[in-house]
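# Commentary on secondary and tertiary structure
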Amino acid sequence: MTDSLITIDGDRLWRSLMELAEIGAYDDARTGLRGVNRLALTDADAEGRRLVLGWFRQAGMSVRIDPMGNLIARRDGTDPGAAPVMTGSHLDSVATAGAFDGCLGVLGGLEVVRTLTERGISTRRPIEVVVFTEEEGVRFGTDMLGSAVAAGRIAIKDAHDLIDRDGLSVGAELRRTGFAGDGPARFDPPHAYVECHIEQGPVLAEAGLTVGVVTGVQAISWQEITISGRAAHAGTTPTELRADAGLAAAQIIVALRKMVDSGSYGQLRATVGHLAVHPDLTNIVPARAQLTVDLRNPDDEQMARAEADLAGYLAGLEGSQPGLGLSTRRMARTSHVPFDHGIQKAIATAADDHGLAHLSLLSGAGHDAQEMAAICPTAMIFVRGEYDGISHNPREYSTPQACARGIDVLATTLVRLAGE
Ligand code: GLV
Ligand code: MN
Ligand code: MN
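Conventions and cut-offs
Residues numbered from 1 in each chain as written. Chains lettered and ligands numbered in written order. Predicted model: local features only at pLDDT ≥ 70, side-chain atom pairs only at ≥ 80, totals over all residues. Heavy atoms only, no water. Donors = N, O, S within 2.8 Å, 3.2 Å for Na, K, Ca; no water. Helix = DSSP H or I, 4+ residues; strand = E, 2+ residues; numbered from the N terminus. Buried < 20%, exposed > 50% of the residue type's maximum accessible area, 1.4 Å probe, protein only. Pairing = 2+ DSSP bridges. Core = buried A, V, L, I, M, F, W, Y, C linked by side-chain atoms within 4.5 Å. Contact = heavy atoms within 4.5 Å. Near = heavy atom within 4 Å. Polar contact = N/O pair within 3.5 Å; in protein donor to acceptor, adjacent residues only side chain to side chain. Areas by Shrake-Rupley, 256 points an atom, 1.4 Å probe, with all protein chains shown as cover. Nonpolar A, V, L, I, M, F, W, Y, C, P; charged D, E, K, R; others polar.

Attention now moves to the coordination of the manganese ion (ligand 2). Coordination of the manganese ion (ligand 2) by the protein comes from H90 (NE2), D101 (OD) and H197 (NE2), over a distance range of 2.0 to 2.3 Å. Counting residues between consecutive donors of the manganese ion (ligand 2) along the chain gives the motif H-x10-D-x95-H. Separating the manganese ion (ligand 2) from the manganese ion (ligand 3) is a gap of 3.7 Å, which D101 spans by donating to each of them. Of this pair, H90 sits in strand β5 (residues 85-90) while H197 is found in strand β7 (residues 192-198), placing the two residues 107 residues apart along the sequence. In this pair, the class of H90 matches that of H197, namely buried.

In structure tokens form, the structure reads like this:
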């Protein structure tokens, strides 16, 4: 079926990606590259949102802002009563990002609309492009926040009450940045949701392919561990009298790596990405340590076992030094999410029709699509990344050609679904 084959303007897409990447840009000393830092609901994120909001309007779209700050840009269809086909992703970034994570999905959706309008192509269903708030979860502590509220997993009040490390809340930051919208917090189920995203891993590049069809997203478990010990003099305090929170934190990191290396938990991945000790001084035994644990696993049962064994290890660790205390706080938890077979098929057919060989793969990263999958048929398109698909790093890079081909597949898939 090639009737609705759409080819987008790859140069225009690239220019939009590069212009957006100027907002929140910084010189990354470690890589010598320009990186992007647009943590959710910061001034930089707000500036990026305003730029893209303006582009939506220039493209003739109407834009609604919901109470979670999600931007929903709409291109009407010919049937006013028909549920929309949605696409989108996020504009917020981690603190050491590149130009593509999330942005490709949003600006790709915009580029689809620009192309359709320029060519006078109408669709029966509306096409909506969504910018979800705080997908990364690095500022307010839980990922896919905006889409989780839209799809009903997280209550709006709980989301608004989340605070960052400075005690600023989501609700207050939405108001401060001018993105506290109104109307219902939950989306009416769309006809379908299709998200295009960079792969953020090496699979497509190793296979020599440009695009992939995503079968689902693996389980994600985030928790914060706080260890309390006792501040004491580094020179005078005998080892056996110490309650060393820093030592316990190090033991947790090593224990996690041993769990991964044991092979007993399938394809478990474990990361301690945040570690802070207090009072953080050379000659004082750490009185307190705080760390985050990020676990990923494609298998829900293996993930549950890993979490239980980690909890057992932590309980044992508490008794290992007199005076050591340990507490945990759940930050985020999602199960393996399989994507809809029909939408995967539609994406694969579109890729075939564009002459693009493809493979199917599970996503290692979390995505807004995994939340939307709870309310409508959903799947994703992955675009190949260079340099082993490195991401959450300024080296993150996908070529202009790869981005354009991914958005060609998105365009064709959306138009076909919007004709149903
Ligand atoms: C989102 O980037 C994630 O942490 O998977
Ligand atoms: Mn992303
Ligand atoms: Mn990310």
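Successive residues of a regular strand alternate their side chains across the two faces of the sheet. Extensive coverage of strand β14 (residues 288-297) is indicated by the burial of nine of its ten residues. As defined by bridge partners, strand β9 (residues 219-228) adjoins β14 across ten bridges and the pair is classed as antiparallel. By the bridge assignment, A219 is partnered in β14 with N297. Pairing geometry for strand β11 (residues 269-271) and β14, over three bridges, is antiparallel.

Moving on, we come to the nonpolar core. Formed by 93 residues in total, the largest nonpolar core has its most connected members in L17, F56, L104 and L107. Examining the composition of this core, we find that eleven residues originate from one element, helix α12 (residues 400-418), more than from any other. Non-local contacts of L107, meaning those with residues more than four positions away in its chain, are made with L13, S16, L17, L20, V52 and W55.

With that out of the way, let us pick up the site of ligand 1. In the region of ligand 1, the neighbouring residues are E135, E136, W222, R296, A365, G366 and H392. The contact in question runs from an oxygen atom of ligand 1 to an N or O atom on the side chain of R296, over 2.7 Å. Here an oxygen atom of ligand 1 and a side-chain polar atom of H392 are 3.2 Å apart. Compared with its free state, where it exposes 200 Å², ligand 1 has 94% of that area covered by protein. Per-class residue counts for the shell around ligand 1 are two nonpolar, two polar and three charged.

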